[in-house]
Amino acid sequence: MTTGKIHLVVERQYQDDAEELIAETTDSITRTLQKTLRKLKQIKMEQRYYKKREQEFRTISWLTSNRVIWYGAFTALTVVGCGCFLMQHLRSFFISKKTRLDTYTF
């Protein structure tokens, strides 16, 4: 009978250890899963942030590109307009100078 008691105690002890091991393993798995879920949530937040940041960057880049194109077009038109004005002004200046010189006879 004593061996039966010892056997029962050992079985009981083993069963307690098994339950304790199962509880520890379950707690460990639960902690790992919670940690993984927190990391996943953090990664999702970072992805949203970077997506928003990239969208803003693309918008700013597109606006800057548009402004550069319009500035170049405006500059080109200004240069062409100044050139035309100068040509017209110099033409009229030299024509008037020629007519003034023609009136003087030496």
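Every chain is numbered on its own, with residues counted from 1 as its sequence reads. Where local features are concerned, this predicted model is filtered to residues with pLDDT of at least 70; where side-chain atom pairs are given and counted, the filter is 80 or more; whole-chain, interface and lining totals use all residues. Only hydrogens and water are removed before side-chain values are computed, so all heavy atoms of the structure are retained for them.

J.: What should I look at first to understand the overall build of the chain in this one?
T.: For the purposes of this entry, the term helix denotes a DSSP run of H or I that reaches at least four residues, the term strand denotes a run of E that reaches at least two, and both are numbered from the N terminus. From N to C terminus, the chain includes 1 helix and 0 strands. Taking all 106 residues of the chain together, 0% fall into the buried category. The protein chains shown are the only cover counted for residues, whose accessible areas, like all others here, come from Shrake-Rupley with a 1.4 Å probe. Surface exposure of the chain reaches about 10800 Å², of which carbon and sulfur atoms provide 66%. Three exposure classes are used, based on accessible area relative to the maximum for each residue type with a 1.4 Å probe and protein chains only: buried under 20%, partly exposed in between, and exposed over 50%.

J.: What is the right way to look at a nonpolar patch on the surface in this model?
T.: Only residues whose relative accessible area exceeds 30% and that form no salt bridge enter a patch; like-charged residues are grouped when within 9 Å of one another, and nonpolar side chains (Val, Leu, Ile, Met, Phe, Trp, Tyr) when within 5 Å. Each reported salt bridge corresponds to a side-chain nitrogen of Lys or Arg within 4 Å of a carboxyl oxygen of Asp or Glu. Together, F85, L86, L90, F93 and F94 make up a nonpolar patch on the protein surface, roughly 530 Å² of accessible area in all. Within the element layout of this structure, F93 appears in helix 1 (residues 2–103).

J.: What is the right way to look at the pattern of salt bridges in this model?
T.: For side chains bearing opposite charge, pairing can occur when the charged atoms are close. The final tally for this structure, using the stated rule, is 1 salt bridge. Linking R58 and E54 is a salt bridge whose minimum nitrogen-to-oxygen distance equals 3.0 Å. Highlighted residues: R58 and E54, both in helix 1, separated by 4 residues, approximately one helical turn. Exposure remark for E54: the relative accessible area of 42% places this residue in the partly exposed category.

J.: Teacher, can you tell me more about the packing of aromatic side chains here?
T.: Any pair of aromatic rings gets described here by the distance separating the centres and the angle formed by the planes. Two aromatic rings, drawn from Phe, Tyr or Trp (for Trp, its six-membered ring), form a pair once their centres lie within 6.5 Å of each other, and the interplanar angle then sorts them: stacked below 30 degrees, edge-to-face above 60, tilted otherwise. For the structure shown, the criterion picks out 2 aromatic pairs. Aromatic pair F93 and F94: ring centres 5.3 Å apart, planes at 65°, arrangement edge-to-face. Of the residues examined, F93 reaches a relative accessible area of 38% and is grouped as partly exposed.

J.: Help me understand the state of the cysteines in this model?
T.: What is meant by a disulfide is a covalent connection between two cysteines, made through their sulfur atoms. The disulfide criterion is simple: two cysteine sulfur atoms within 2.5 Å. Taken as a whole and judged by the stated rule, the model has 0 disulfides. For the unlinked cysteine C82, the closest cysteine sulfur is that of C84, found at 9.5 Å. Looking at C82, the relative accessible area reads 44%, which means it is partly exposed.

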